[in-house]
Amino acid sequence: MYRTHTCGELRISHKKQEVTLSGWIQRLRKLGGMTFIDLRDRYGITQLVVDEKAADDLKEKVSKLGREFVIQTTGIVLERESKNNKIPTGEIEIDIKSITVLNKAETPPFTIQTDTDGGDELRMKYRYLDLRREVVRDNLVLRSKMAIIIRNYLDSLDFIETETPVLMKSTPEGARDFVVPSRMNPGEFYALPQSPQVFKQLLMVAGFDKYYQIVKCFRDEDLRADRQPEFTQIDCEMSFVEQEDVLATFEGLARHLFKEVKGIDPGIFPRIPYAEAMDKYGSDKPDTRFDMLFNDITEIAKGKEFSIFNNSEYIVAICAKGASEYSRKQLDALTNYVKRPQIGAKGLVYVKYNTDGTFKSSIDKFYDQNDFENWAKQCNANAGDLLLILSGNKFETQEQMCQLRLEMGRQLELIDKNQFNPLWVTDFPLLEWDDETQRYYAMHHPFTAPKPEDIELLESNPGQVRANAYDLVINGVEIGGGSVRIFDSALQSKMFKLLGFTEEQANAQFGFLMNAFKYGAPPHAGIAFGFDRLVSLFAGLDSIRDVIAFPKNNTGRDVMNDAPSQISEEQLKELFLKIALPQKQS
Ligand code: ASP
């Protein structure tokens, strides 16, 4: 038997018992003639002591131990003289009698403790060592717990967990596919699922009624902090439901998670139509933990000599409460912030509403105190506040102001990390126009149903058509999204046509789905949540990497096993593949 107890288990009540523990050596300390060893496993740390009076061969063995050696040891539980109230086993220590080295270890490249000295890259390269650290492991324990809570909850509502293929036909979700060549079908490829969208819809045709799956999805996109090429969704679909039923069911799931994991009741989730979210926050994923809402001052700011405003489609102001004392340097820094290429504003206008009631602005030349007072009124500003103004094309300016608002929220410390503000964004546009390719794209995906009252606009004004599509947003992070689906093959064909598919293309790619719809498809709707994001939010982390056991880095590489990698000539031949890399420029 390797152990009688774990390293997190022993208490004062075990005093005088003989116990056997196994684990990794976290730390070795010599104090006079005594040696102290911190022995670690997944459950905690227990202090071992080797007394001066211990047998020579034991002392000899102990002298050869090193950090991260795997040992088994037997000894007697003693009450500690100086207790450590920071750890649950801090009242006891083990007076060890024997030790067996189960495995030696090389000195690890970084310290295995909460504040490690290892940088990001190094910790990723030795991820199995990083995972030994309590802080990292705790995130994965939380992940496991949340998956179980979700499964139990959905199971209690009669959802059926169903696996769908990983090797499948491509389904567009707006990203590039990862593809897998088929050896048995030369020249043909599977795609890895961007989501199981079509399969879950087919399960509804099959009469499953309620489906879910905690499932890996793959999207070949440029990476950002909260993106991974493979990620996990809680994917769900229901039949004979309307939008309201889906929102109620999954608000229920989210509230249940908040209660079970965080012990909080976030209240009823507010609903904000997409158009309102864009007007007030310039974002379809608003962080509502603080106000600082957008004020459209286009009408009242135009008409003077300031051509930048006069030539702008949209002029928007936010009011930073109590920030009128911002220094020149701070304002310059804000200007540089919005001018960064990632944000892309051309400049920033400010109006200080001084505490004495006067105004000072970067555009004093063009406007007088009355103008500024007008703007201040529109923005509900008081003396002591600062107005920040951006202008330009509407959509881009909204996006830029959204970033500036968040930055001001951070600078003025208005964002409470411990607060959770979940909400639904509803009534998304069905389609999105792309200037570059001069065509419409589905904003959610091509299977999303238009709102019945907007169907008549499909021909005349497709850009105005709203969808029964919804997102769950928590603290400015999109946690999930879904829609009511088209379940009529004629409407689905029309949708494909709008999206620029010829009939042949639509048939080749989605014929099976439209065919299935001819055999009695029920009305259905669904949603998918980003499980990694959900866990990282609950763990209070910024990046989803920390809740994934073996994540990829930001160029999509697994730096631990060095994937992706080349394959052999034979493998390529077998797959009928030829690699044609671009010529290297010398
Ligand atoms: N398949 C969608 C997605 O991955 C979610 C859904 O519509 O259910 O975003």
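Data block above holds the structure.
No experiment lies behind these values; they were computed from the predicted model shown.

Let us now look at helix H5 (residues 197-205). Among the residues of H5, Gln197, Val198, Lys200, Gln201, Leu203 and Met204 are the ones counted as buried. Contacts made by the buried residues of H5 are with strand S9 (210-218), strand S10 (230-239), helix H15 (503-517) and strand S22 (524-530). Following H5 by one or two positions, Gly207 has its phi on the positive side, about 85°.

Attention now goes to the pattern of salt bridges. Applying the stated criterion across every chain, the model contains 38 salt bridges. Residue Asp41 is joined to Arg3 by a salt bridge in which the shortest nitrogen-to-oxygen separation is 3.7 Å. Here Asp41, found in strand S2 (residues 34-41), pairs with Arg3, found in the segment before strand S1 (18-31); they are 38 residues apart in sequence, far enough to count as distant. Here Asp41 falls in the buried class, since its relative accessible area comes to 5%. Look at Arg3 and you get partly exposed, because its relative accessible area is 37%. Put simply, Arg227 and Glu221 hold a salt bridge, and the shortest N to O gap is 3.7 Å. A relative accessible area of 22% means that Arg227 is categorised as partly exposed. Overall, the relative accessible area of 27% leaves Glu221 in the partly exposed class. Residues joined by salt bridges that share partners form a network here, namely Asp120, Arg123, Arg127, Asp130 and Arg133.

Another aspect to go through is the layout of surface pockets. Each pocket or cavity is described by its volume, and for the second largest pocket that value is around 680 Å³. Residue assignment for the lining of the second largest pocket shows that the elements contributing at least two residues are S1, S2, strand S3 (44-50) and helix H4 (134-156). In terms of residue count, the dominant contributor to the lining of the second largest pocket is H4 (four residues). Of the residues in the lining of the second largest pocket, the class split is six nonpolar, eight polar and 12 charged.

In this section: the environment of Gln509. With respect to the secondary-structure elements, Gln509 resides in helix H15. Gln509 sits 340 residues away from Lys169 along the chain, and the two C-alpha atoms are 8.1 Å apart.

Our next topic: unusual backbone geometry. Cis geometry marks the peptide bond from Ala563 to Pro564, where omega comes out at 0°. Along the chain, Pro564 falls in the loop between helix H16 (531-538) and helix H17 (569-574). A positive phi angle, near 70°, is found at Glu68, a position not held by glycine. Structurally, Glu68 is set in the loop between helix H1 (56-63) and strand S4 (70-79). Taking the relative accessible area as the measure of exposure, Glu68 reaches 3% and is therefore buried.

All told, the structure shown has 24 aromatic pairs when counted by the stated rule. A ring pair is formed by Trp433 and Tyr440, whose centres lie 4.9 Å apart and whose planes are at 70°; its orientation type is edge-to-face. Between Phe501 and Phe510, the ring centres sit 5.9 Å apart and the planes meet at 70°, which makes this aromatic pair edge-to-face. We note that Phe501, like Phe510, is buried. Among the aromatic residues, those joined into a ring-pair cluster are Phe306, Phe309, Tyr353, Phe359, Phe366, Tyr367, Phe372 and Trp375.

The subject of this paragraph is the side chain of Thr74. Along the polypeptide, Thr74 turns up in strand S4. Note on Thr74: relative accessible area 18%, which makes it buried. For Thr74, the side chain forms a polar contact with the side chain of Thr20, separated by 3.0 Å. Residue contacts for Thr74: discarding those within four places in its chain leaves Glu18, Val19, Thr20, Ile96, Lys97 and Ser98.

Pairing within the open sheet is mixed, and its eight strands lie in the order S6-S9-S10-S22-S21-S20-S17-S11. Where the open sheet ends on each side, the last strands, each with one partner, are strand S6 (160-161) and strand S11 (271-273). Here strand S21 (residues 477-484) pairs with S22 via five bridges, running antiparallel. Residue Ser483 lies in a different strand from S22, and its bridge partner there is Gly526. Against the sheet, H5 makes contact with S9, S10 and S22, and its axis sits at roughly 25° relative to S10, the strand it touches most.

Turning our eyes to something else, we now look at helix H7 (residues 274-281). Along H7, the residues that are buried comprise Tyr274, Ala277, Met278 and Tyr281. Looking down the long axis of H7, one finds its buried residues gathered within 105° of arc, a one-sided arrangement. Buried residues belonging to H7 abut S11, helix H12 (394-411) and strand S17 (422-426). Just past H7, the residue Gly282 takes up positive phi, approximately 65°.

Axis separation between H4 and H16 bottoms out at 10 Å; the angle between their running directions is 120°. Here H4 lies oblique to H16, going by the angle between them. Note on packing geometry: the crossing formed by H4 with H16 is right-handed. Facing Asn139, Leu142, Arg143, Met146, Ala147 and Ile150 of H4, the residues of H16 in contact are Phe531, Asp532, Leu534, Val535 and Phe538. Partitioning the contact of H4 with H16 into residue classes produces eight nonpolar, one polar and two charged.

Spatial strand order, S1-S2-S3-S5-S4: five strands in a closed barrel with mixed pairing. Sheet twist, expressed as the average angle between the axes of neighbouring strands with direction ignored, equals 55°. With 10 bridges joining them, S4 and strand S5 (residues 92-103) adopt antiparallel strand pairing. Bridging from a neighbouring strand, Leu78 pairs with Glu93 of S5. Packed on one face of the sheet, H1 meets S2, S3 and S5 and runs near 70° to S5.

Cut-off values and rules
Residues numbered from 1 in each chain as written. Predicted model: local features only at pLDDT ≥ 70, side-chain atom pairs only at ≥ 80, totals over all residues. Heavy atoms only, no water. Buried < 20%, exposed > 50% of the residue type's maximum accessible area, 1.4 Å probe, protein only. Helix = DSSP H or I, 4+ residues; strand = E, 2+ residues; numbered from the N terminus. Contact = heavy atoms within 4.5 Å. Salt bridge = Lys/Arg side-chain N within 4 Å of Asp/Glu carboxyl O. 1 Å grid on protein atoms, 1.4 Å probe; cavity = no way out; pocket = protein on both sides within 12 Å on 5 of 7 lines; lining within 4 Å. Points joined across faces, edges and corners; volume = space filled by probe spheres on them. Nonpolar A, V, L, I, M, F, W, Y, C, P; charged D, E, K, R; others polar. Phe/Tyr/Trp six-rings, centres within 6.5 Å; stacked < 30°, edge-to-face > 60°. Polar contact = N/O pair within 3.5 Å; in protein donor to acceptor, adjacent residues only side chain to side chain. Pairing = 2+ DSSP bridges. Axes fitted to C-alpha atoms, helices over the stretch in contact; angles between N-to-C directions. Arc of directions from axis to C-beta. Parallel < 35°, antiparallel > 145°, perpendicular 65-115°, else oblique. Left-handed = near helix turned anticlockwise from the far one by under 90°.

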